[in-house]
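Architecture and fold: a report
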Amino acid sequence: MITFSSCGAEDPGRIYIRCNQVGFLPNDVKTAVVFSRLPIKEKQFLIKSNYNNEVLFKDIIWDSLYTYDKFEYCYKIDFSELNQPGSYRIEIDGQVSHSFNISANVFNHIVDSLMLFFKVQRCGPTDPLLHKVCHLYDASKVPGKEELGVVDLTGGWHDAGDYIKFFSTTAFATYMLLFSYDFNREKFDFDNDFNSVPDILEEARVGLDWMLRCNFEGINLVTQVQDLRDHEVGWRLPEKDKLMFDRPGLMSIGKNQIGMFAAVMALASRIWKERFFDNEFSKKLLKAAENLYSFRNQAPDIDKAPTGFYQDQSFFGKIALGAIELYNSTGNLEYLRDAITYGDSAKADYWWSWGNINSLAHYRISKYQPRFIEYIKMNLSGFQLASSKSVFSEGAAFTWGTTNAILGVALQTILYEKLTGDYSYDSLKTFQRDYILGRNPWGISFIYNIGEVYPKYFHHQIAFFHNGYLPGGLAAGPAPASLLDDFEIERENFTYNLFNTDSTMYFDDRNDYITNEPTIVANSTAVFVFGNYSGKR
């Protein structure tokens, strides 16, 4: 893989200040990272008000305990004592950071923006944002079930910057939207379009309806609409898709998919009954969940992803989640016994992704078997150890989808704190949040239009046709160079190359589908995290 250096000569004495560009809650741990090629030790840093230039906090920068690639001097600065609401900046030797705020409501606008991304991703007759109604002929056929002709698989969300729809990611995103509401109904009851339906449940209904269509006949489950030809016909708006009349629905089944289907439907059945008093729809959802779950022993452990994308490695966590949600909806002790057995088999997974959700099952089961909290704590201990090894405090290793993994660390901390009241991992959670919002080597907030510096060239077709505009888009984030080397990507933008290393890279480039593509998976994790940080009531 060929990389290019930034244009112009770099000033070796320049100081780089990396801070959360949105801000902090008044009682947050408040830190920033400062790095340079030359020593900064014993220099003073100032926190100044943007309103009147008053110095509200100052301290001395002490020893460098870390290095970052070519920058041999890296420092953490802490200004947690500053809790007065306002707008601020950090100054060191005349060099200034991006601004940030301190406020009880500083994160409210983030969750509102993240929710808009789902509207952009909507497919079919679902009132989408930034594009017209599209793909009204999904699916043209279901191979293996040709006798059925056209099967209605309209709706749902496009997975990412392309127009393929996946059951795995839709189920994950739908569950996370439902779980967010169920976890904290006070914070997630907001209704920005004033239609008397919480926005998060209105969006979850898009996923629910499509998933119901995917389970169109007994144990049959469509897990993908459209194949890899979607990537071969060039950039276009979804309503102008050359393949709109040729989008097959591809079937597969496994205990993993059955578990997620059951979890989504069982949880939704409770919410629709309690929130909307819609007993008919609630019964329909629960019946669908119980029916597909009853086939689990006839299904393979793991489905075979039709195109190789989103291939699960284990089923235990997902089937455990399905079982415990069924127990919560029915009170049937057989489901609880299943959940405990599967949950113990799942163990701690030390990760977070669309396929690694064991902590969700363990969180639910722990309300009946408190020992399951230990699995979540084991994850957090592993994340804490990883975080201690870097000046930027990443709790998860770089991967394809780093921002989702990092936000997953914060998510699991939130679960643990609610279960135990133990806030010993609170700094870990804050560092992950701040990493997403600018406390990272590149000094970029990975969410579109959040903070002063953010991605402008997403690998996303709809954004491309709107001059980069993508409300709520969350870039996948930095990835290992060893992974990037496996793909031939012709990049055009090397703005952040100075801060790339031989091992880790990020590119704000529309052709980079590894580091700069947004997904419904990452957004659904982010909605949970930033929704819980919001001051919404």
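In what follows, the accompanying structure is described. (Residues numbered from 1 in each chain as written. Predicted model: local features only at pLDDT ≥ 70, side-chain atom pairs only at ≥ 80, totals over all residues. Heavy atoms only, no water.)

1. Quick look at helix α2 (residues 167-183)
To be explicit about the condition: Comment: elements are numbered from the N terminus, with helices defined as DSSP H or I runs of at least four residues and strands as E runs of at least two. One fewer than the residue count of a helix, multiplied by 1.5 Å, yields its expected span. For each residue, the accessible area found with a 1.4 Å probe, counting protein chains only, is set against the maximum for its type, and the residue is called buried under 20%, exposed over 50%, and partly exposed in between.
Here α2 contains 17 residues, and its C-alpha end-to-end distance of 23 Å stays within 8% of the 24 Å for a straight helix at 1.5 Å per residue. Burial runs high along α2: 16 of the 17 residues are buried.

2. Topic: the packing of helix α6 (residues 316-330) against helix α8 (residues 358-365)
Any two packed helices are characterised by how steeply their axes cross, that is the angle between the axes, and by the distance between the axes. The line we're drawing: Axis angles are defined between N-to-C directions and span 0 to 180 degrees, where every axis is a line fitted to C-alpha atoms and, for a helix, only to the segment in contact. Relative orientations are named as follows: roughly parallel for angles under 35 degrees, roughly antiparallel for angles over 145 degrees, roughly perpendicular for angles from 65 to 115 degrees, and oblique for any other angle. Here is the rule for handedness: rotate from the far helix to the near one, and if that takes an anticlockwise turn smaller than a right angle the crossing is left-handed, while a clockwise turn gives right-handed. In this analysis, two residues are considered to be in contact whenever any of their non-hydrogen atoms come within 4.5 Å of each other. Residues are sorted three ways: Asp, Glu, Lys and Arg are charged, Ala, Val, Leu, Ile, Met, Phe, Trp, Tyr, Cys and Pro are nonpolar, and all the rest, Gly among them, are polar.
The geometry of α6 relative to α8 is characterised by a closest axis approach of 8 Å and an angle of 30° between their N-to-C directions. With respect to α8, the axis of α6 lies roughly parallel. The hand of the α6/α8 crossing is left-handed. Together, Gly317, Ala320, Leu321, Ile324, Glu325 and Asn328 of α6 and Asn358, Leu360, Ala361, Arg364 and Ile365 of α8 make up the contact between the two elements. The class makeup of the residues in the contact of α6 with α8 is six nonpolar, three polar and two charged.

3. A few points about the environment of Ala204
Inspection of the secondary structure assignment puts Ala204 in helix α3 (residues 199-214). Spatially, the C-alpha atoms of Ala204 and Ala268 are 8.9 Å apart, while their sequence positions differ by 64 residues. If we skip the residues at most four places from it in the chain, Ala204 touches Thr174, Leu177 and Leu178.

4. What about the sheet that holds strand β11 (residues 165-166)?
For clarity, the cut-off: Any two strands with at least two DSSP-identified bridges between them are counted as paired.
The sheet built from three strands is open, its strands ordered β11-β12-β13 with antiparallel pairing. The open sheet has two free edges, formed respectively by β11 and β13 (249-251), since each of these has just one partner strand. One ladder, built from two bridges, connects β11 with strand β12 (residues 222-225); its direction is antiparallel. Of the residues in β12, the one forming a bridge with Lys165 is Val225.

5. Remarks on unusual backbone geometry
Omega for the peptide link from Asp138 to Ala139 comes to -5°, which places this bond in the cis form. Structurally, Ala139 is set in the loop between α1 (108-121) and β11. In this structure, Asp127 takes a positive phi of about 55° despite not being glycine. Residue placement: Asp127 occurs in the loop between α1 and β11. Positive phi, normally seen in glycine, also occurs at Lys347, with a value near 60°. As for its position among the elements, Lys347 is in the loop between α7 (333-346) and α8. Relative accessible area serves as the criterion here: at 49%, Lys347 is assigned to the partly exposed category.

6. Examining the pairing of strand β3 (residues 31-36)
Most of β3 is tucked away: six of the six residues are buried. On β3, burial covers both faces: Thr31, Val33 and Phe35 on one face and Ala32, Val34 and Ser36 on the other are all buried. Sheet analysis places strand β1 (residues 16-18) next to β3, joined by three bridges and oriented antiparallel. Across the sheet, the residue bridging to Ile17 is Val34, located in β3.

7. Some thoughts on the nonpolar core
Rules: By nonpolar core we mean a set of buried residues, namely Ala, Val, Leu, Ile, Met, Phe, Trp, Tyr and Cys, connected to one another through side-chain atoms within 4.5 Å.
In this structure, Phe179, Leu360 and Phe530 are the most contacted members of the largest nonpolar core, which totals 142 residues. Ranked by residue count, the leading element in this core is helix α4 (residues 255-276), at 12 residues. Excluding its chain neighbours within four sequence positions, the residues that come into contact with Phe179 are Leu267, Leu360, Tyr363, Arg364, Leu415 and Phe528. Counting 20 residues, the second-largest nonpolar core is a separate cluster that includes Ile17, Cys19, Phe45 and Phe79.

8. Looking at the sheet that holds β1
An order of β1-β3-β7-β6 is seen for the four strands of this open sheet, with the pairing classed as antiparallel. With partners counted over all chains shown, the strands left at the sheet margins are β1 and β6 (66-68), one partner each. The average angle at which neighbouring strand axes cross in this sheet is 35°, direction not considered. Examined bridge by bridge, β3 and strand β7 (residues 71-78) share six bridges and lie antiparallel to one another. Residue pairing across strands places Val34 opposite Tyr75, the latter belonging to β7.

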